[in-house]
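Analysis of the macromolecular model
Here is how the chains run, residue by residue.
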Amino acid sequence: MSNHEKSTGNKETPERSDFIREIIKRDVADGKNGGKVATRWPPEPNAYIHIGHAKAININFGIAEEFSGKCNLRFDDTNPTREEQEFVDAIKQDIRWLGFDWEEREYYASDYFDRLYEWAVELIKKGKAYVCDLSAEEVSKTRGTLTTPGTHSPYRNRPVDENLDLLERMRAGEFPDGSRTLRAKIDMVHPNMNMRDPVMYRILRATHHRTGDKWCIYPTYDWAHGQSDSIEGITHSLCSIEFENHRPLYNWFLDELGVHHPRQIEFARLNITYTVLSKRRLVELVNGGHVEGYDDPRLPTLAGLRRRGYTPEVIREFLALIGVDKTDSTVDVQLLEHCLRRNLNLRSPRRMGVLRPVRLVIDNYPEGRVEEMEAVNNPEDASAGTRAVPFSKVLYIERDDFREVPPPKYWRLAPGREVRLRYAYFVTCTGVVKDDAGNVVEVHCTYDPATKGGDAPDGRKVKATLHWVSAEHALQAEVRLYDHLFIKKDPTDYPEGADWTANLNPKSLEVITNARVEESLADAAVGSRWQFERLGYFCVDPDSRPGALVFNRTVTLRDTWAKIQKAQKAGK
RNA sequence: UACCCGGUGGUGUAAUCGGUAACACAAGAGGUUUUGGUCCUCUCGUUGGAGGUUCGAGUCCUCCCCGGGUAGCCA
């Protein structure tokens, strides 16, 4: 009975839950960590972040917030050969844009280099770490394989004092790069490769973006990560699934040190159809010149999505919908696009814009006359009001909205057909003018003055409503039409011997330079988002200049007619 | 032929101590409509397989099959 009451009580506010939140709920209930929750998001500052990272950010910051805890931002900067300040700045900007705040808790693994060193000394004294003189190649060879055990390093049983001395000299710069390492003394026959005496320090002369040339030895990820978590008092260290095999090592270090011991929990990374979410591949796309930069609107980087016209809300809604689990999965990009349309539909003012213009001449409309038509700014938002759109004898309509020979189910303009010009008049097509090549250069029609505003007093109906723009008033604009970057659902599925970039969509970008838009868009600000009626959502690109507008198509409207056409083609 | 982790409709997730498969997207069909948009309605799975325990199993047990990860001095 009480069970029923409980479940009905929760109906209205469905509690978000997943296996991680369940674990944390239990930990809190058990009074672990004094009932507190602290998380962190630990990016390596060596690349721009993408929507897959946003998933991790959302989990870490989101969970901290839900459990009244804090989430730190910590840059995992233990490899100076790859990390740069530029990425630190870009990552911070992207996290803020997503709407998360780490307040003053901006940390760096490099902040802990001294403490890490002290701990290394401690492990040596415990006989749990040793300096190894094997080369990288030799270490690799003696590690064994997935199915065969490793063998002990000849330096494994060096006396403590010698280890201490050598480590100190490693730090002092007495040895060349790569000549020695500090290794944890664990188990060379362990079935988990990570436990076969993993490297803790390597000698590496590289200028670090924060510590400069202070160090010539740098901790590895495994040696730095858990201890950094511990120092910060993290309670739940949430990371992606590829670190699962590292958890025993994470636990081993913390246990040997006897310090605060966060719990590591792993979740599956995000995959989305028709795109790639791996740093390596993103870098290849940019460096290979396949896209124009990390903020190319075709890329799933946060910078790219932002430029494409996504809002942070879209991404967060999407992430909330896909949930969190451990199973490998690939989310249909259409779910992302659904979130996008839903959000943009509510907030985007409507305008009329013609991508591929063709002249429409209204023969019985007075020469030189201009009428101001009242157009609704946003049917989803009454407070958005209306605006006046100039109407005249010569207009532009969409080339695709006229067919000399209309196919089945096509109910737009064609000879003899009557359609509505949105917010204006009913017009009936009377003929066309063609050039020598037979291309339609002008469509002629007559209008019915009684239908002003778009309603017929006699109640007659039309099947189609077209968008339009007055030829003498409209602004010319550039419009960039984007499509999926890849032609395959799984871009990494490519024939043997071929290059994965063979799956790139050659039509992922089409630039239209001769589009016409309403004059009310003249002062549209960079980044502003609009719906061009019947076409899709567009935003003003940073390349845009006064008098030389540039729009990015964020996403098309759902297009039933396109589906019909596709089905018709497939059927024939 | 090692170890770890997974396997619910086309996709992504739900399903409290085992109690009779839910939500969203997609797809298809229909309705409304001054955007072939939005909105509304309907259709589409018996939970990888085989056994077992039980009044009852997606949830427990056994075996099998399939998928992913792991052999950087990357993270």
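Residues numbered from 1 in each chain as written. Chains lettered and ligands numbered in written order. Predicted model: local features only at pLDDT ≥ 70, side-chain atom pairs only at ≥ 80, totals over all residues. Heavy atoms only, no water.

All right, on to the overall build of chain A then. Within chain A one finds 14 helices and 25 strands. In summary, chain A has a C-alpha radius of gyration of 31 Å against a globular reference of 25 Å for 572 residues, an excess of more than 25%. Along the first, second and third principal axes, the C-alpha atoms of chain A reach 100 × 65 × 45 Å. Across the 572 residues of chain A, 51% fall into the buried class. Put simply, of all contacts in chain A between residues at least 6 apart along the chain, 70% involve residues at least 24 apart. When the accessible surface of chain A is summed, it comes to about 26700 Å², and 49% of that surface belongs to carbon and sulfur atoms. (Helix = DSSP H or I, 4+ residues; strand = E, 2+ residues; numbered from the N terminus. Rg over C-alpha atoms; globule rule 2.2 N^0.38 Å. Buried < 20%, exposed > 50% of the residue type's maximum accessible area, 1.4 Å probe, protein only. Contact = heavy atoms within 4.5 Å. Areas by Shrake-Rupley, 256 points an atom, 1.4 Å probe, with all protein chains shown as cover.)

On to the domain arrangement of chain A, then. Domain parsing of chain A yields domain 1 (113-220), domain 2 (273-308 + 477-572) and domain 3 (350-473). Here the C-alpha centre of domain 3 lies 28 Å away from the C-alpha centre of domain 2. Listed per partner, the contact involves 23 residues of domain 2 and 29 residues of domain 3. If you look at where domain 2 meets domain 3, you find four salt bridges. Linking Arg422 and Glu533 is a salt bridge whose minimum nitrogen-to-oxygen distance equals 2.1 Å. On inspection of domain 2 and its partner domain 3, the count reaches 13 residue pairs in polar contact (both at pLDDT 80 or more). Where the side of domain 2 that touches domain 3 is concerned, the elements lending two or more residues are β21 (475-482), β22 (509-517), β23 (529-532) and α14 (560-571). The dominant element in the side of domain 2 that touches domain 3, judged by the number of residues it contributes, is β22, at six residues. (Domains from an automatic or database assignment. Salt bridge = Lys/Arg side-chain N within 4 Å of Asp/Glu carboxyl O. Polar contact = N/O pair within 3.5 Å; in protein donor to acceptor, adjacent residues only side chain to side chain.)

Bringing the side chain of Ser508 into the picture now. Here Ser508 lies in the loop between β21 and β22. Not counting the four nearest positions on each side in its chain, Ser508 is found in contact with Arg298, Leu481, Tyr482, Asp483, His484 and Leu485.

When we look at burial in helix α2 (residues 19-29), the residues that qualify are Ile20, Arg21, Ile23, Ile24 and Asp27. Angular distribution of buried residues about the axis of α2 spans 160 degrees; they occupy a single face of the element. Of the residues in α2, the exposed ones pointing more than 90 degrees away from the buried face are Arg26 and Ala29. (Arc of directions from axis to C-beta.)

Here the focus is the sheet that holds strand β2 (residues 70-75). Pairing is parallel in the open sheet, where three strands are placed in the order β1-β2-β3. The two strands at the open ends of the sheet, each matched to only one other strand, are β1 (38-41) and β3 (106-108). When strand polarity is set aside, the average angle formed by the axes of neighbouring strands in this sheet is 35 degrees. Pairing geometry for β2 and β3, over three bridges, is parallel. Among the inter-strand pairings, Phe75 is bridged to a residue of β3, identified as Tyr108. (Pairing = 2+ DSSP bridges. Axes fitted to C-alpha atoms, helices over the stretch in contact; angles between N-to-C directions.)

Our next topic: the pairing of strand β6 (residues 199-203). Where a strand is regular, its side chains alternate between the two sheet faces. Alignment of strand β5 (residues 181-184) against β6, held across three bridges, turns out to be antiparallel. The residue bridging Thr181 from the neighbouring strand is Arg202, located in β6. As paired strands, β6 and strand β7 (residues 217-219) are joined by three bridges and run antiparallel to one another. Counterpart to Arg202 in the pairing with β7 is Tyr218.

Attention shifts here to the protein's contact with RNA strand B. Taken together, 66 residues are adjacent to RNA strand B, and Arg350, Trp411, Arg412, Arg422 and Gly453 come closest. Here the atoms of RNA strand B within 4 Å of the protein split so that 63% fall in sugar or phosphate, with bases taking the remainder. Here Asn345 contributes a side-chain N or O atom positioned 3.4 Å from a sugar or linking oxygen of RNA strand B. Only α6 (136-142), β6, α13 (333-347) and α14 provide two or more residues apiece to the surface near RNA strand B. (Near = heavy atom within 4 Å.)

On to the pattern of salt bridges. All chains considered together, the criterion is met by 55 salt bridges. Measuring nitrogen to oxygen at the nearest pair gives 3.1 Å for the salt bridge that ties Arg280 to Glu284. Linking Arg280 with Glu284, this pair stays in helix α10 (residues 279-287), spanning four residues, or about one helical turn. The exposure class assigned to Arg280 is exposed, which follows from its relative accessible area of 53%. For Glu284, a relative accessible area of 30% corresponds to the partly exposed category. Residue Asp458 pairs with Arg460 through a salt bridge whose shortest N-O separation is 3.1 Å.

What follows covers the nonpolar core. Where a protein is soluble and globular, its nonpolar side chains tend to be buried together. Core analysis: the biggest nonpolar cluster contains 49 residues, and Ile20, Trp41, Ile51, Ile95, Ile315 and Phe318 have the highest contact counts within it. Breaking this core down by element, the ones donating at least two residues are α2, α3 (51-66), β2, α4 (85-98), β9 (263-267), α11 (302-308), α12 (312-322) and α13. Sort the elements by how many residues they give to this core and α3 lands first, with eight residues. In this view, Ile51 contacts Leu270, Ile272, Leu277, Pro300, Leu302, Leu305, Ile315, Phe318, Leu319 and Leu336; residues no more than four positions away in its chain are not counted. Judged by nonpolar contacts, the second largest core, of 33 residues, contains Tyr112, Phe113, Leu116 and Cys216. (Core = buried A, V, L, I, M, F, W, Y, C linked by side-chain atoms within 4.5 Å.)

Most of helix α8 (residues 221-231) is tucked away, with nine of its 11 residues classed as buried. Regarding α8, the residues found buried are Asp222, Trp223, Ala224, His225, Gly226, Gln227, Ser228, Asp229 and Ser230.

Spatial strand order, β19-β16-β17-β18-β12-β15-β20: seven strands in an open sheet with mixed pairing. Two strands bound the open sheet, and with one partner strand each, they are β19 (465-466) and β20 (468-470). In this sheet, strand β15 (residues 394-398) lies alongside strand β12 (residues 357-362) in antiparallel orientation, the contact comprising five bridges. Each bridged residue has a counterpart across the sheet, and for Leu360 the counterpart in β15 is Leu395.

Further remarks concern the environment of Asp76. Assignment of secondary structure puts Asp76 in the loop between β2 and α4. Separated by 87 residues in sequence, Asp76 and Asn163 place their C-alpha atoms 27 Å apart. Residues within four places of Asp76 in sequence aside, it is in contact with Pro42, Pro43, Glu44, Pro45, Glu83, Ala109, Tyr221 and His225. Only 2.9 Å separates the side chain of Asp76 from the side chain of His225, close enough to count as a polar contact.

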